[in-house]
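# Observations on the three-dimensional arrangement
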Amino acid sequence: MKIVFWQNIPSLHQAAFIRALNERTGESTVLVAASDVGARAETSGWGRPDFGGAELIIEPAELEWPHLAKRFSGEAWTHVFSGLGSYPLVDVVSRILIRNRSRCGVMTETPMLFADSCRALRRRALLWRDRFRVLGRWRASDFVLGMGHMGAEWYRAAGFPANKVFPFAYFLDPVDGEMGSTKTGNGCTDFGIIFVGRLIRRKGVDVLLRALAGLAAASWRLDVIGEGPERQSLQSLSDALGLGSRVRWHGLVGNAPARKMILRSDLLVLPSHHDGWGAVVNEALLSGVPVIATESCGSAVSVAASGLGAVVRPGDSESLRDALDDHLRKGPLSVEERGRLKRWAVCLNGKSGASYFLSIMDYVYNAGSLPLPPWSEQT
């Protein structure tokens, strides 16, 4: 099988998966990206990720797009588009390839459902928008890889046949290094909580701070990794809540050192009002670190399947406080418990993602067995 991924940037969160897939397909995987990491690196700490031997075509000129579609046309090629025409490259190339009856599918998150007001109205409007898209050219898609439980449910509701929709994920590399706590109960040092992400309202860091303010008597520290327009207001909120030096603001940190900090933590929290997936959850689980995430994160499905951590309501500081209090009372996981979590989390690495993807392709094109998401098989 020869596979082409068409998307906006060469994403760090797909590198391990595409690299492993290229190995499985005999060096027959291609990534075409409309732009390089570029400005994103300035706000995320990303550099150009390692895609191994996969062929990379980065920033092709717009006039070249139809020629690339022609180059990769034919029965031997399967095309995976990022989103339903969300980017000009995807929009132009998908029109050509779907019209030519090429093998085509979509890998996509749910649309952004978080809004300051009229959230129910926004949800209905976006669902009808995607229903019209499905009634158009996208009804000819052979498969849809929807991120997490939310993605699969959304695109079935949008009108894709249920047998074409598969829950999917971002699959990452594990990280090596010494794990943080070796305590088996409440020790004399602080329980290490970590948040990694952009400091924007959608990420819900204010909810996390308010939840922690109700646990002032417990021994904990919070490391906040990330930058964004909400940083100053969040720091002011932290001071107003009396959290003081217990919250450490690290600003923008590259992916590798951020993952080392996760490895040395006892718990990761992703309190987002909405996250299509939330790859930082994978990074934590692959390090043997339990996670608290909200129901509005696609990756909540893997948190629930891990058997550790917790899934809470978005925007609900009391629900989050209860989950945090439960972890603080139990104390950090032991080395053995973290080891078991790391071994479970291999279902979220690149090789597992490649195997799952190829099983989906076998089901879609060769009438193979219906594949289960790898995190379901691990439970």
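What you are looking at is a predicted structure, and each value in this text was computed from that prediction instead of being measured.

How each quantity is defined
- Residues numbered from 1 in each chain as written.
- Predicted model: local features only at pLDDT ≥ 70, side-chain atom pairs only at ≥ 80, totals over all residues.
- Heavy atoms only, no water.
- Phe/Tyr/Trp six-rings, centres within 6.5 Å; stacked < 30°, edge-to-face > 60°.
- Helix = DSSP H or I, 4+ residues; strand = E, 2+ residues; numbered from the N terminus.
- Buried < 20%, exposed > 50% of the residue type's maximum accessible area, 1.4 Å probe, protein only.
- Lys NZ or Arg CZ within 6 Å of the ring centre and 35° of its normal.
- 1 Å grid on protein atoms, 1.4 Å probe; cavity = no way out; pocket = protein on both sides within 12 Å on 5 of 7 lines; lining within 4 Å.
- Points joined across faces, edges and corners; volume = space filled by probe spheres on them.
- Nonpolar A, V, L, I, M, F, W, Y, C, P; charged D, E, K, R; others polar.
- Contact = heavy atoms within 4.5 Å.
- Polar contact = N/O pair within 3.5 Å; in protein donor to acceptor, adjacent residues only side chain to side chain.

The full count for this structure, using the stated rule, is 16 aromatic pairs. Look at F5 and F357: their rings are 6.1 Å apart centre to centre, the planes differ by 45°, and that puts the pair in the tilted class. One end of the pair, F5, is in strand β1 (residues 2-7); the other, F357, is in helix α14 (residues 350-366), and 352 residues separate them in sequence. Under the relative-accessibility criterion, F5 is labelled buried at 1%. By relative accessible area, which is 0% here, F357 ends up buried. Between F168 and Y356, the ring centres sit 5.5 Å apart and the planes meet at 15°, which makes this aromatic pair stacked. Here the residue F168 occupies a position in strand β7 (residues 165-168), and Y356 occupies one in helix α14, the gap between them amounting to 188 residues. Given the relative accessible area of 0%, F168 is considered buried. An aromatic cluster of three or more residues is present, and its members are F5, F17, F143, F168, F171, W277, Y356, F357 and W375. The ring of Y365 is capped by R103, whose NZ or CZ atom sits 4.1 Å from the centre of that ring.

Estimated volume of the second largest pocket: approximately 310 Å³. If you trace the second largest pocket, you find 15 residues lining it, with L113, R123, M150, H274 and S296 closest to the centre. Listing elements by their share of the lining of the second largest pocket, those giving two or more residues are α5 (119-135) and α6 (148-157). Grouping the constituent residues of the lining of the second largest pocket by class yields 8 nonpolar, 4 polar and 3 charged.

You can see T78 is positioned in strand β4 (residues 77-82). Once you skip the residues sitting within four places of it in the chain, T78 turns out to touch M1, K2, I3, V4, R103, F143, M361 and Y365.

Position of R19 relative to the elements: it lies in helix α1 (residues 15-24). Judged by relative accessible area, R19 falls into the buried class, the value being 17%. Of the polar contacts made by the side chain of R19, one reaches the side chain of D173; its length is 2.6 Å. Every residue in contact with R19, bar those within four places of it in the chain, is listed here: D50, F51, G52 and D173.

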